[in-house]
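# Observations on the three-dimensional arrangement
If you want the building blocks of each chain, they are given just below.
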Amino acid sequence: DQQSATRTAWRDTASSKTVPLGKTLLYPFSGPDFVNAYWLFPDCETFVMFGLEHIGEVPDFERMNEQQFARLLADVRTATTDFFSRNYFITENMSRQLRTAQLRGVIPLFMIPMALAGVDILRIRPFEFPAMARTVAMAKGKPMRQLKGITIEFRTPGSAVTRRVDYFTVDATDKGLAHYPEFMAYVLSLGPTTTFIKSASYLLHSNGFSQMRKALLDVSGYLVQDDSGLPYPMLETRGWKMHLYGKYGVPIPPFQGAFQASLDRAYKSQLSSPLPFTFGYQFHDARDERSNVMVGQRPLQTAQAEDTSAEPAGRRRGKGIVLKSSAKRLQ
C-alpha cells in the first residue's frame, strides 16, 4: 500500500536495507516485533531481540481440530491488535494474551509475520550460547537462573543464506541482569552492531537500566531510534552525529518526565528532515506531529565516556519514567 511504499522509500534514502555495520541487528525491548526489524533491515543475517514476553511453544498444528485452530487464529488476532493499531506491543496486555489455551508465548507472533513477509522458516530451536559467553559467565559465577532464548532459522526467497532471529525472555533491569552474566557477555560480543530502538518506554533514561544502557552505548556502531531509546545527551558526549527526522516535543503521558532539553535544542537548531510517516508512540494518531527518528553512525574515534557523563532524564524528572520492568508500558 501507499504507506508501506512511503516507509520503504524513506528507509532506502535515510538509512539502508543492508545492515550498515556487521550483519547483526540488535533490537532491545522489541518483544516479538519482527515486522519493523525486517522492514528496516531486510538483508540482515541475524536479528537479536529481547523483551519480557515469554517464549512459549510452537503450536502443534497437526493435532489441532478445526475449532482449536480457529481459536488460535482468534487469539493471535487479539494479541496483535495493539501492534497493528499502534505499531508497538503493550506488555501488560500481552501478559494475558499469550497465556490462552491455544496461544502460549511469542513464537506464533514471530511465525505469522515471517510467513507474510515471504520467508521460509527452516527450524525453531533453543538458543545455544557461544563458548565465549559461557566462559565469561562461569568466571563471574554460575548464573542463578536459566536464561530462556530461542533461535528461528529462516531463508529469504532466492537466497541460500541461512538467517536467524535470536529472541530472549529477559528482565533487562540491573537487578535482572545480575542473574544472567552470559547474556551481557553475548550482547557485548556482538559489537559493533547496527542497533534499532523504538517504543522502548524510555527505560534507558532511568537509573534501573544503567548496565544495559552502557552496553548499548559501547556495542552500537550504527543507530536508528526514536526518542525513547538512548538518551541524546549521552550520544552527544560520545561524539555521535545524529541525523534528525520528524519533529520532537514533550512525550505522551505517562512519559512526560523523559523530555530531553538537549534533543529539543538540536531539533530546533539542525532543521530536521521531514518524516513522511508516524512512528513510535505517535504512530496511532496521524494528527500528532511528534513522531521522530534519529539515524547516526558512531565516530571512528570515540572516547570511552563514563555512563555518568550525562545525567539520565529519570534522575532529573522522575515522573512518568518506568523503573520497575523492561516492559513497554502505556496507560
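What comes next concerns the included structure. Within each chain, residues carry numbers counting from 1 in the order of the written sequence. Predicted model: local features are reported for residues with pLDDT of at least 70 only, side-chain atom pairs are reported and counted for 80 or more only, and whole-chain, interface and lining totals are derived from all residues. Excluding hydrogens and water, the side-chain values take into account all heavy atoms of the structure.

## Quick word on the overall build of the protein
- Secondary structure elements are defined from DSSP: runs of H or I of at least 4 residues count as helices, runs of E of at least 2 residues count as strands, and each element is numbered from the N terminus. For the protein, the helix and strand inventory stands at 13 helices and nine strands.
- Contacts are assigned to residue pairs that have any heavy atoms within 4.5 Å of one another. Long-range contacts, defined as pairs at least 24 residues apart, comprise 75% of the intrachain contacts of the protein with a sequence gap of at least 6.

## Some remarks on helix α6 (residues 107-116)
- Relative accessible area decides the class of each residue, using a 1.4 Å probe on protein chains only: under 20% of the type maximum gives buried, over 50% gives exposed, and in between gives partly exposed. Taking burial as the measure, the 10 residues of α6 include seven buried ones, the bulk of the element.
- All of the buried residues in α6 are I107, P108, L109, F110, M111, P113 and M114.
- Downstream of α6 by one or two residues, G118 has phi in the positive range, about 85°.

## Thoughts on the pattern of salt bridges
- In the sections that follow, a salt bridge refers to a side-chain nitrogen of Lys or Arg positioned within 4 Å of a carboxyl oxygen of Asp or Glu. Following the criterion strictly, the structure yields eight salt bridges and no others.
- Note that E153 is salt-bridged to R123, the shortest N-O span being 3.3 Å. Here R123 lies in strand β3 (residues 120-126) and E153 lies in strand β4 (residues 148-155), a separation of 30 residues in the sequence.
- Classification of E153 as buried rests on a relative accessible area of 14%.
- Relative accessible area serves as the criterion here: at 43%, R123 is assigned to the partly exposed category.
- Where D218 meets K214, a salt bridge forms, and the shortest distance between an N and an O atom there is 2.8 Å. Of this pair, D218 and K214 both sit in helix α10 (residues 210-219), separated by four residues, roughly a single helical turn.
- Given a relative accessible area of 33%, K214 falls into the partly exposed group.

## So, a nonpolar patch on the surface
- Patch membership requires over 30% relative accessible area and the absence of a salt bridge. Like charges are linked within 9 Å, and nonpolar side chains (Val, Leu, Ile, Met, Phe, Trp, Tyr) within 5 Å. To be clear on the numbers: accessible area is Shrake-Rupley with a 1.4 Å probe, and residue cover counts the displayed protein chains and nothing else. A contiguous nonpolar patch, built from F61, F69 and L73 and spanning about 260 Å² of accessible area, is present on the exposed surface.
- The partly exposed category is assigned to F69, whose relative accessible area is 37%.

## Some remarks on the sheet that holds strand β8 (residues 241-246)
- Here, a strand pair is defined by DSSP locating no fewer than two bridges between the strands. With mixed pairing, the nine strands of this open sheet are ordered in space as β3-β4-β5-β2-β1-β6-β7-β9-β8. Only two strands of the sheet have a single neighbouring strand rather than two, namely β3 and β8. Between one strand and the next, the sheet's axes are offset by a mean angle of 20°, whatever the strand orientation.
- Bridge analysis of β8 against strand β9 (residues 292-297) gives six bridges, and the strand direction is antiparallel. Residue Y245 lies in a different strand from β9, and its bridge partner there is V293. Here the axes come from fitting lines to C-alpha atoms, over the contacting stretch only for helices, and the angles between their N-to-C directions go from 0 to 180 degrees.

## Focus: the packing of helix α9 (residues 181-189) against α10
- Look at α9 against α10: their axes get within 9 Å of each other, and the N-to-C directions meet at 20°. Of the possible angle classes, the one that applies to α9 and α10 is roughly parallel. Contacts between α9 and α10 involve F183, M184, V187 and L188 from the former and Q211, M212, A215 and V219 from the latter.
- Of the residues that constitute the contact of α9 with α10, the class distribution is seven nonpolar, one polar and no charged. The labels follow the angle: roughly parallel below 35 degrees, roughly antiparallel above 145, roughly perpendicular from 65 to 115, and oblique for the rest. The residue classification treats Ala, Val, Leu, Ile, Met, Phe, Trp, Tyr, Cys and Pro as nonpolar and Asp, Glu, Lys and Arg as charged. All others, Gly included, are polar.

## Re helix α12 (residues 261-270)
- For α12, the full list of buried residues reads S262, L263, D264, A266 and Y267.
- Against α11 (232-237), β8 and β9 lie the buried residues of α12.
- A positive phi of about 55° marks L271, the residue just after α12.

## Concerning the nonpolar core
- Formed by 41 residues in total, the largest nonpolar core has its most connected members in F29, F168, F183 and M212.
- Residue assignment for this core shows that the elements contributing at least two residues are β2 (46-51), α9, α10, α11, β8 and α12.
- Sorting elements by how many residues they give to this core places α10 first, with five residues.
- When near neighbours in sequence (up to four residues on either side) are disregarded, F183 contacts F50, F129, L147, F168, V170, L177 and M212.
- M111, I152, F279 and V295 belong to the second-largest nonpolar core, a separate cluster that totals 34 residues. Remark: nonpolar core denotes a set of buried residues (Ala, Val, Leu, Ile, Met, Phe, Trp, Tyr, Cys) joined through side-chain atoms within 4.5 Å.

## A word on the pairing of β2
- By the criterion of burial, β2 is predominantly enclosed, with six of the six residues buried.
- The alternating pattern of β2 places T46, V48 and F50 and F47, M49 and G51 on opposite faces, both of which are buried.
- Where strand β1 (residues 24-27) meets β2, four bridges bridge the pair, whose relative direction is parallel. Within β2, the residue paired with Y27 across the bridge is M49.

## Concerning the environment of G296
- Following the sequence through the fold, G296 ends up in strand β9.
- For G296, a relative accessible area of 5% gives the class buried.
- Measuring from C-alpha to C-alpha, the distance between G296 and W240 comes to 6.8 Å, with 56 residues separating the pair along the chain.
- When near neighbours in sequence (up to four residues on either side) are disregarded, G296 contacts Y222, L223, W240, K241 and M242.

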